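As a plain string of letters, each chain reads:
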Amino acid sequence: MSMKDEVVSRPAGQERETGSMMGGMGEQEQERGERPKRVGDRVFRYLTTTSGLVIVVAIVLIGFFLLIKAVPSLLADSTNFLTDWRFDTTGGKLAFGIRDMLVVTVLSSLLALVLAMPISLGIALFLTQYAPRSLARGFGYLVDLLAAVPSVVFGLWGVLVLGPAIEPVQRALNAGLGWFPLFSDGNVSLAGGGNIFTAGVVLAVMLLPIITSVTREVFRQTPVNQIEGALALGATKWEMVRTTVLPFGKSGFIAASMLGLGRALGETIAVLMILHTATSPSGFSFFDGGSTFASKIASAASEFSEPLPTGAFIAAGLVLFLLTFVVNAIARSIAKPKKEKA
Amino acid sequence: MTTTELERPARPPVFHHLSTGRKARNHLATVLVSLAFLIALVPLVWLLATVVIKGWRALVSPDWFTHSLKGVLPDQFAGGIYHALYGSLAQALVCAVIAVPIGILAAIYLVEYGRGWLARLTTFMVDILSGVPSIVAALFIFALWISTFGLEQSAFAVSLALVLLMLPVVVRSCEEMLRLVPQELREASYALGIPKWKTIVRVVLPTALSGIVTGSMLALARVLGETAPVLVLVGYSQSINFNIFDGNMTSLPLFIYNQFTNPTAAGQLRIWGAALTLILLVMLFNLIATVISRFSAIKTK
């Protein structure tokens, strides 16, 4: 196998060796080039390294600035930041907590994930294993088309079209399964569907293309000899998928779902347009209203003027940042061992 | 003896019929998997049909692409999205001008130079940055630009927030493209005694150029639809503003969000018209990206 093949066939994330190989080359070259002092090389090296550093610095700065802007407000907070559901920054006295925002954010994102994961898995299998080769490409574009729809349009559709349309379903769920906390009466009216349930469904639709595209790539990399081996042993198509494609792509699929979860946690405008504001605390029901971290911040954005009230929202933003940071780090650590094996 | 057995053509009893259970499970899986795809098409078709049916009339009105909403009353069927279209494109282009060079250089660092802890940290941070929610990026620019430096809200602040969202996408796609460049090309260049930086600039980058352009267009398409930064970092304006450093500037998402609170029929037509325009704009950028990549993919042979 030529080196080119090796480089090309190596999946992303496995390039450390290539990197060190090339690095080694660079070193030799530098040693030789030491005397003439290739200025161009050194300038270029610094330039690219600085650009890489910009990204590292950006993340550090995001955490740092959000923190220093949030701390004064957190110190001035007259209630418990973690357990209070009110978010009152008006009238001079700060009393804000993130309980309800956390509940609404997590409930809507998890609902979206539960709905989107099996469907995305199905789509990825359909596109890579089941769909006729000639059509798979076109079908793939269709799913990608969903990703081309901006979230503000999803918000419009969710609140003006989908919400009213699935209101009867919500009423039925509420009436039939109301004894179960997740489906009990919420703190906003069911009319119009401005609740977590609708938001979760819309988020699920937004996650489909994200989870599908990553999962599809992983499934496509299933070793062909494993697939052919399974088929040669007399496995049916489903048995082949279950014994080769799914075990091979499992970690990639979970990592993709975590990436989707991170996206859902931070989704702003669609959720802001859909959810009705609530005046009482959340009861952990899908039929609650309220706001997520992101939608709360966006809804108050026009009133950012005084440092202390603004800091309260920045504190909420900091929590969201940490939440997505953790979710993405987990996604990465799940995806990584798989890549090393491949 | 075995050979004679093998020479005989296989007869039906050799291949056992599948048991009903296995057959049923296989069919069930096929049905479920196809169903999943069909389920995904429902919201897609539903959403696109809604937007087209409710919005096409706005797009064919003569003033839509040539006039702003200056002096137009909320319930008046007049004016257009000229100012918002300009705002969207201006903010996205300024963002691209900053993000694309940094992104390409960072990708070159990761592919050609990066090793050791710094490269690993950078890769990790690119992943984290790609997961940063747009509202957090907007808040950060607010905390830095407006609350610390004391500058006014402006379209440029929006562009800066968009840079944070665009950078990781550019780095990722650019990195992938650079890794596809055959190693022989680099070696051939080194063998001719050409310095590494010149090899990268004159050999590696041109080879990967089309892929990089495609990736940047896709990143641009994603940034066009971002709404959170414009809510936090710039004000709404009814009329055109060409200056990205000063004053309010409307972009398409902000236009939609603002008209969303306008309950009149004219407002409804405007939001769906703007939504259709935005989708078409994003699709146009995606299409350009696809065409570029189709016409000049890296020759891996």
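Describing the overall build of chain B
So, point 1. Within chain B, the regular secondary structure consists of 11 helices and 0 strands.
So, point 2. Expected size for 301 residues packed as a compact globule is a radius of gyration near 19 Å; at 27 Å, chain B overshoots this value by more than 25%.
So, point 3. Expressed along its principal axes, the backbone C-alpha trace of chain B runs to roughly 95 × 60 × 35 Å.
So, point 4. Burial analysis of chain B (301 residues in total) assigns 53% to the buried set.
So, point 5. In chain B, the proportion of contacts linking residues at least 24 apart, taken out of those at least 6 apart, comes to 74%.
So, point 6. Carbon and sulfur atoms form 69% of the exposed surface of chain B, whose accessible area is close to 13700 Å².
So, point 7. Averaged over its 21 positive side-chain charges, chain B has a centre that lies 7 Å from the centre of its 13 negative ones.

Describing the side chain of Ser 295 of chain A
Residue and element names in this part refer to chain A.
So, point 1. Mapped onto the fold, Ser 295 is located in helix α11 (residues 293-300).
So, point 2. Given a relative accessible area of 2%, Ser 295 falls into the buried group.
So, point 3. With residues up to four places along the chain from it excluded, the contact list for Ser 295 reads Thr 268, Val 271 and Leu 272.

Details of the domain arrangement of chain A
A common way to express how large an interface is: the accessible area buried when the components associate.
Residue and element names in this part refer to chain A.
So, point 1. Examined at the domain level, chain A breaks down into domain 1 (2-76) and domain 2 (95-335).
So, point 2. Across the boundary between the two partners, domain 1 contributes 12 residues, which contact 12 residues of domain 2.
So, point 3. Regarding the contact of domain 1 and domain 2, the summed buried area is about 850 Å², with carbon and sulfur atoms giving 85% of it.
So, point 4. Between domain 1 and domain 2 we count 0 salt bridges in total.
So, point 5. Connecting domain 1 to domain 2 are 2 residue pairs in polar contact (both at pLDDT 80 or more).
So, point 6. Of the residues that constitute the side of domain 1 that touches domain 2, the class distribution is 9 nonpolar, 2 polar and 1 charged.

Structural notes on helix α4 (residues 116-131) of chain B
Residues spaced three or four apart along an α-helix face the same direction, because each turn holds 3.6 residues.
So, point 1. Taking 1.5 Å of rise per residue, the 16 residues of α4 of chain B would be expected to cover 22 Å, and the 24 Å separating its terminal C-alpha atoms lies within 8% of that figure.
So, point 2. Inspection of α4 of chain B places Leu 118, Ala 119, Thr 122, Thr 123, Met 125, Val 126, Asp 127, Ile 128, Leu 129 and Gly 131 of chain B among the buried residues, and these make up the whole buried set.

Digging into the interface of chain B and chain A
So, point 1. Across the contact, 94 residues belong to chain B and 91 residues belong to chain A.
So, point 2. Of the roughly 8400 Å² buried at the junction of chain B and chain A (both faces included), carbon and sulfur atoms supply 76%.
So, point 3. Contact with chain A buries area across many residues of chain B, yet Phe 37, Arg 115 and Leu 139 of chain B alone supply 8% of it, more than any other trio.
So, point 4. Along the contact surface separating chain B from chain A lie 2 salt bridges.
So, point 5. Across the pair Arg 332 of chain A and Asp 127 of chain B runs a salt bridge, and its minimum N-O distance is 2.7 Å.
So, point 6. If one sorts the elements of the side of chain B that touches chain A by residue count, helix α2 (residues 20-60) of chain B sits on top with 19 residues.

Observations regarding the packing of aromatic side chains
So, point 1. Overall, the coordinates contain 24 aromatic pairs over all chains when judged by the stated rule.
So, point 2. Aromatic pair Phe 64 of chain A and Phe 65 of chain A: ring centres 5.8 Å apart, planes at 85°, arrangement edge-to-face.
So, point 3. Phe 64 of chain A gets classed as partly exposed once you look at its relative accessible area, which sits at 46%.
So, point 4. Residue classification places Phe 65 of chain A among the buried positions, given a relative accessible area of 11%.
So, point 5. For the pair Phe 87 of chain A and Phe 96 of chain A, a centre-to-centre distance of 5.3 Å together with 50° between the ring planes defines the contact as tilted.
So, point 6. The buried category is assigned to Phe 87 of chain A, whose relative accessible area is 15%.
So, point 7. Through a chain of ring-to-ring contacts, three or more aromatic side chains come together here, namely Phe 81, Phe 87, Phe 96, Phe 304 and Phe 313 of chain A together with Phe 142 of chain B.
So, point 8. The ring of Tyr 130 of chain A carries Lys 237 of chain A above its face, with NZ or CZ at 5.3 Å from the centroid.
So, point 9. It is Lys 196 of chain B that lies over the ring of Tyr 113 of chain B; its NZ or CZ is 4.6 Å from the centre.

Here is what the cut-offs are and how they apply
- Residues numbered from 1 in each chain as written.
- Chains lettered and ligands numbered in written order.
- Predicted model: local features only at pLDDT ≥ 70, side-chain atom pairs only at ≥ 80, totals over all residues.
- Heavy atoms only, no water.
- Helix = DSSP H or I, 4+ residues; strand = E, 2+ residues; numbered from the N terminus.
- Rg over C-alpha atoms; globule rule 2.2 N^0.38 Å.
- Buried < 20%, exposed > 50% of the residue type's maximum accessible area, 1.4 Å probe, protein only.
- Contact = heavy atoms within 4.5 Å.
- Areas by Shrake-Rupley, 256 points an atom, 1.4 Å probe, with all protein chains shown as cover.
- Lys, Arg positive; Asp, Glu negative; His and termini not counted.
- Charge placed at Lys NZ, Arg CZ, Asp CG, Glu CD.
- Domains from an automatic or database assignment.
- Buried area = accessible area lost by both parts, 1.4 Å probe.
- Salt bridge = Lys/Arg side-chain N within 4 Å of Asp/Glu carboxyl O.
- Polar contact = N/O pair within 3.5 Å; in protein donor to acceptor, adjacent residues only side chain to side chain.
- Nonpolar A, V, L, I, M, F, W, Y, C, P; charged D, E, K, R; others polar.
- Expected span 1.5 Å × (residues − 1).
- Phe/Tyr/Trp six-rings, centres within 6.5 Å; stacked < 30°, edge-to-face > 60°.
- Lys NZ or Arg CZ within 6 Å of the ring centre and 35° of its normal.

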